[in-house]
Amino acid sequence: QVQLVESGGGLVQAGGSLRLSCAASGRTFRLDDMGWYRQAPGKPRELVATISSAGITNYADSAKGRFTISRDNSKKTVDLQMNSLKPEDTAVYYCNAQQTVGPVERVVRRDYWGQGTPVTVSS
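Please read these numbers as outputs of a predicted model, since none were measured by experiment. (Residues numbered from 1 in each chain as written. Predicted model: local features only at pLDDT ≥ 70, side-chain atom pairs only at ≥ 80, totals over all residues. Heavy atoms only, no water.)

### Section: the overall build of the protein chain
Stated formally: Numbering of helices and strands runs from the N terminus; a helix is a DSSP stretch of H or I covering at least four residues, while a strand is a stretch of E covering at least two. Atoms considered for the radius of gyration are the C-alpha atoms alone. The globule rule reads 2.2 Å times the number of residues to the power 0.38. Three labels apply to residues, based on accessible area from a 1.4 Å probe with only protein chains included: buried if under 20% of the type maximum, exposed if over 50%, partly exposed otherwise in between. Two residues form a contact once any of their heavy atoms are found within 4.5 Å. Throughout, the Shrake-Rupley method with a 1.4 Å probe supplies accessible areas, and for residues the shown protein chains are the sole cover considered. Positive charges come from Lys and Arg alone, negative charges from Asp and Glu alone, with His and the N- and C-terminal ends not counted. By convention, charge coordinates are those of NZ in Lys, CZ in Arg, CG in Asp, or CD in Glu.
Across its full length, the protein chain holds zero helices and eleven strands. Reading the helices (α) and strands (β) of the protein chain from amino to carboxyl end gives β-β-β-β-β-β-β-β-β-β-β. On C-alpha atoms alone, the protein chain measures out to a radius of gyration of 15 Å, which is about the 14 Å that the 2.2 N^0.38 rule sets for 123 residues. Expressed as lengths along the three principal axes of its C-alpha atoms, the size of the protein chain is roughly 50 × 30 × 25 Å. Taking all 123 residues of the protein chain together, 41% fall into the buried category. Taking the intrachain contacts of the protein chain between residues at least 6 apart in sequence as the baseline, contacts between residues at least 24 apart amount to 56%. Entry remark: accessible area of the protein chain is about 6700 Å², with carbon and sulfur atoms responsible for 49%. Between the mean site of the 15 positive side-chain charges and the mean site of the 11 negative ones, the protein chain shows a separation of 3 Å.

### Quick word on the packing of aromatic side chains
The criterion, for reference: Each Phe, Tyr or Trp ring (for Trp, its six-membered ring) is paired with any other whose centre lies within 6.5 Å, and the angle between the two planes then decides the class: stacked below 30 degrees, edge-to-face above 60, tilted in between. Here, a charge over a ring means that NZ of Lys or CZ of Arg falls within 6 Å of the ring centre while also lying within 35 degrees of the ring normal.
Within this structure, the stated rule accounts for one aromatic pair. With a centroid separation of 5.1 Å and an interplanar angle of 70°, the aromatic rings of Y37 and W113 are classed as edge-to-face. Here Y37 is found in strand 4 (residues 31-39), whereas its partner W113 is found in strand 10 (residues 108-113), with 76 residues between them in sequence. A residue is classified by how much of its surface remains accessible, and Y37, at 15% relative accessible area, is buried. Across from the ring centre of Y37, 5.7 Å away, lies the NZ or CZ of R45, which sits over that ring.

Below, the structure written as structure tokens:
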């Protein structure tokens, strides 16, 4: 079992910056990709950015050039630096972690989610 705790959300004006942090605890062995997703009211959850255990990153088109995801495998944390924020970035941001468990013959991939941290960007 893995627990994820997010922090860093809040209110910010358009053009401002926020840094979100996520800390993993529990049985955190074999953590693979970690990332950030967001969900606005009445809309489905969407990917913002992911980072592999090797440091390979992937960003949604809306985040490219503005957001930066980083990871510290030793501290078991993943951060999201958000710059040039826009009102459309307003959402609850969730930390995600994937884990592979079991022997080769019975590999299972698990997904873990944090409780979410709200981000509100005003015009």
